[in-house]
Amino acid sequence: MDIKFDFEDINLIANKCLVSSRRECNPSVQLNGFKFKIPVVPANMSAVVDEKLCFWLAKNNYFYVMHRFNIDQIAFVKMMKQANLFVSISVGVKKEHKDLLLELKKLDLIPDFITIDIAHGHSLVMEDMLKFIKTTFKNTKIKPFVIAGNIMSAEAVKDLEAWGADALKVGVGPGKVCITKLKTGFGTGGWQLNALQDLSKVAKKPLIADGGIRCNGDIAKAICFGADMVMAGSILSGHDESPGKLVVNNGKKYKEYYGSASVFNKVEAKNIEGKKILVSYKGPIAHTYQEMEEDLQSAISYAGGKELMALRKCQYVIVKGTINNGDDR
């Protein structure tokens, strides 16, 4: 079996710089005809985003996916439509989620993006939901762009694309508050970047790398290895705008961050594959987004281009001969 690698094991190799200033580099990305400033989307988790933050993200040309836990989805869609902002929601695969989509269609409140958000996306229930969405909105003026996941195999890529997915979320359990590997033995923790590379070789639709991002340089690496966009949780938590509860320990500020499959989010201790941690308080989220944009501009300049896809042309080195076991990933 081949040795697998992850973000911390890789260094990208610079190409000749073609710009006189990093500000000449453009890290924007397009998805479903919408242009976003950077290829980063906060994880659709109740500890990371809420209605207010999603409004701010859309207004400032950042992609978002609203989570699906204990919120009024119809009210949220109405709010975004009334503000002439794009609408991006999450659903599961149960009857209640189908009923929600039927109601949104009836009210002419059709989302621009729908993310089918389940832990094991390569499944018969995913096939059913994808076909339901495509059939439901087949003749509507707005045809939702459907993101489906999460997946970790080439077979899953082929199946979900055949079932109608417009984009795929790659990654099972690599997130900082996910314990899927420890609970089940399955996951991409410790080789998320390698999994992304493998799946990009067969994917025909855009890939969203979900989980494992620990620093801004990991965003550039994910793009290099085949991602069209990156979903991040921990590095986009802990801000003023983050929904997590503020906690003060010994005079230092933290915010709660927990997985969607944690007992703190599910309320009941059933099929738990997530945990809760405290992350350092980070101040306004606008500062973090600005830093991400600047760091991506720098990465593009190192890649020897002016656009984001210049990162795809970079060579790389594996800087460690062994891989992290991923227990804390």
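Below or above, wherever it landed, is the structure these notes cover.

Each value, and the rule that gives it
Residues numbered from 1 in each chain as written. Predicted model: local features only at pLDDT ≥ 70, side-chain atom pairs only at ≥ 80, totals over all residues. Heavy atoms only, no water. Axes fitted to C-alpha atoms, helices over the stretch in contact; angles between N-to-C directions. Helix = DSSP H or I, 4+ residues; strand = E, 2+ residues; numbered from the N terminus. Parallel < 35°, antiparallel > 145°, perpendicular 65-115°, else oblique. Left-handed = near helix turned anticlockwise from the far one by under 90°. Contact = heavy atoms within 4.5 Å. Nonpolar A, V, L, I, M, F, W, Y, C, P; charged D, E, K, R; others polar. Pairing = 2+ DSSP bridges. Expected span 1.5 Å × (residues − 1). Buried < 20%, exposed > 50% of the residue type's maximum accessible area, 1.4 Å probe, protein only.

**Some details on the packing of helix α8 (residues 216-224) against helix α10 (residues 285-303)**
Here is step 1 of the chain: For the pair α8 and α10, the least separation of the axes is 9 Å and the interaxial angle reads 50°. It follows that α8 is oblique to α10 by the angle criterion. Note on packing geometry: the crossing formed by α8 with α10 is right-handed. Contacts between α8 and α10 pair Asn216, Ile219 and Ala220 from the former with Glu291, Met292, Asp295, Leu296 and Ala299 from the latter.
Here is step 2 of the chain: Residues of the contact of α8 with α10, tallied by class, amount to five nonpolar, one polar and two charged.

**Quick notes on the packing of helix α1 (residues 51-59) against α10**
Here is step 1 of the chain: With their axes 12 Å apart at the nearest point, α1 and α10 run at an angle of 40° to one another. Between α1 and α10, the crossing angle belongs to the class labelled oblique. Crossing geometry of α1 relative to α10 is assigned as right-handed. Mapping the contact onto sequence places Leu53, Trp56 and Leu57 in α1 and Ile285, Ala286 and Tyr289 in α10.
Here is step 2 of the chain: Partitioned by chemical class, the residues of the contact of α1 with α10 number six nonpolar, no polar and no charged.

**A short note on the sheet that holds strand β12 (residues 252-258)**
Here is step 1 of the chain: With antiparallel pairing, the three strands of this open sheet are ordered in space as β11-β12-β13. Among the strands making up the open sheet, the edge pair consists of β11 (246-249) and β13 (276-280). Taking the axes of each pair of neighbouring strands and ignoring which way they run, one obtains an average angle of 40° across the sheet.
Here is step 2 of the chain: Sheet topology places β11 next to β12; four bridges connect them, and they run antiparallel. Note that in β12 the partner of Val248 across the bridge is Lys253.

**Description of α10**
Here is step 1 of the chain: In this model, α10 (19 residues) spans 27 Å end to end at C-alpha, consistent with the 27 Å of a helix rising 1.5 Å per residue.
Here is step 2 of the chain: When we look at burial in α10, the residues that qualify are Ile285, Thr288, Tyr289, Met292, Glu293, Leu296, Gln297, Ser298, Ala299, Ile300, Ser301 and Ala303.
Here is step 3 of the chain: Structurally, α10 contributes buried residues whose contacts are with β4 (40-42), α1 and α8.
Here is step 4 of the chain: Just downstream of α10 lies Gly304, where phi reads positive at about 85°.

**A short note on the sheet that holds strand β6 (residues 113-117)**
Here is step 1 of the chain: The strand order across the open sheet formed by seven strands is β4-β10-β9-β8-β7-β6-β5, and the pairing between neighbours is parallel. Unpaired on one side and paired on the other, β4 and β5 (88-91) mark the two borders of the sheet. With direction set aside, neighbouring strand axes in the sheet form an average angle of 25°.
Here is step 2 of the chain: Where β5 and β6 come together, four bridges link them in parallel fashion. Note that in β6 the partner of Ser88 across the bridge is Phe113.
Here is step 3 of the chain: Seen against the sheet, helix α4 (residues 124-136) touches β5, β6 and β7 (145-151) and runs at an angle of roughly 175° to β7.

**Digging into the pairing of β13**
Here is step 1 of the chain: Taking every second residue as pointing to the same face, the buried face of β13 carries Ile277 and Val279, while none of Lys276, Leu278 and Ser280 on the other face is buried.
Here is step 2 of the chain: Across five bridges, the pairing between β12 and β13 is antiparallel. If you follow Tyr254 over to β13, its bridge partner there is Ser280.

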